[in-house]
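Single-letter residue listing:
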Amino acid sequence: MRNFRELNVWKDGRILVKEVYTLTKFLPDSERFGLIPQVQRSAISIPANIAEGCGKDSEKDFVRFLQISLGSAYELETHLILCEDLEFLTPERAESTIKNIQKLQKGIASLIKYIKSSH
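Note that residues are indexed from 1 along each chain, following the sequence as it is written. Per-residue local features of the predicted model are confined to residues with pLDDT of at least 70, and side-chain atom pairs are confined, for both listing and counting, to 80 or more; whole-chain, interface and lining totals are unaffected and use all residues. Only hydrogens and water are set aside when side-chain values are computed; all heavy atoms of the structure are taken into account.

Side chains bearing opposite charge may pair, as long as their charged atoms lie close to each other. The term salt bridge refers to a pairing of a side-chain nitrogen on Lys or Arg with a carboxyl oxygen on Asp or Glu at a separation within 4 Å. On inspection of all chains with the given rule, the structure shows 3 salt bridges. Between R2 and E59 there is a salt bridge, and its shortest N-O distance comes to 3.0 Å. Residue R2 is found in the segment before helix 1 (8-24), and its partner E59 is found in helix 3 (residues 59-85); the two are separated by 57 residues along the sequence. Here E59 falls in the partly exposed class, since its relative accessible area comes to 26%. The salt bridge partner of E95 is K99, with a shortest N-O separation of 3.2 Å. Separated by 4 residues within a single helix, E95 and K99 lie in helix 4 (residues 91-118), roughly one turn from each other. Helix and strand labels come from DSSP, where a helix needs a run of H or I of at least four residues and a strand needs a run of E of at least two; each type is numbered from the N terminus. Each residue is placed in one exposure class: buried if its accessible area under a 1.4 Å probe, protein chains only, is under 20% of its type's maximum, exposed if it is over 50%, and partly exposed if it falls in between.

Put into structure tokens, the structure is as follows:
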């Protein structure tokens, strides 16, 4: 069994969740049942799926959960781009978080590639 607490992608995912929750405070109240929970859920899904995958017996299952986590990272990036498009967030406000998401996407993709090449 793997220890998810040792994975940098999990640690970075936790930091990203806090960052996203801070960012969603800038979204309008009219989105409290729309984009806000959607953005928050996609952020939470990233480290949650990494941790869940660590509990699986096979490398194949672990990779599958990492892929789900990666999909959530792309979903989150899209949500923030849409928030910019809808002028809920300024590009300046979203830029740092989007860069952190992209860094995390690369880290998860690299871990997937490493695991696949090792087996």
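Having seen it, we continue.
The next point concerns helix 3. For helix 3, with 27 residues, the first-to-last C-alpha span of 39 Å sits near the 39 Å given by 1.5 Å per residue. Once helix 3 finishes, E87 follows within two positions and takes phi at roughly 60°, a positive value. Each helix should span, by expectation, one fewer than its residue count multiplied by 1.5 Å.

This part takes up the packing of aromatic side chains. Paired rings are identified among Phe, Tyr and Trp, the last through its six-membered ring, by centres lying within 6.5 Å, and are further divided according to the angle between planes into stacked (under 30 degrees), edge-to-face (over 60) and tilted (the rest). Following the criterion strictly, the structure yields 1 aromatic pair and no others. Between the aromatic rings of F4 and W10, the centroid separation amounts to 4.9 Å while the plane-to-plane angle is 70°, which identifies the pairing as edge-to-face. You can call F4 partly exposed: its relative accessible area is 25%. What makes W10 buried here is its relative accessible area of 11%. Any Lys NZ or Arg CZ that is within 6 Å of a ring centre and within 35 degrees of that ring's normal is treated as a charge sitting over the ring. Over the face of the ring belonging to F26 we find R93, whose NZ or CZ atom lies 3.5 Å from the ring centre.

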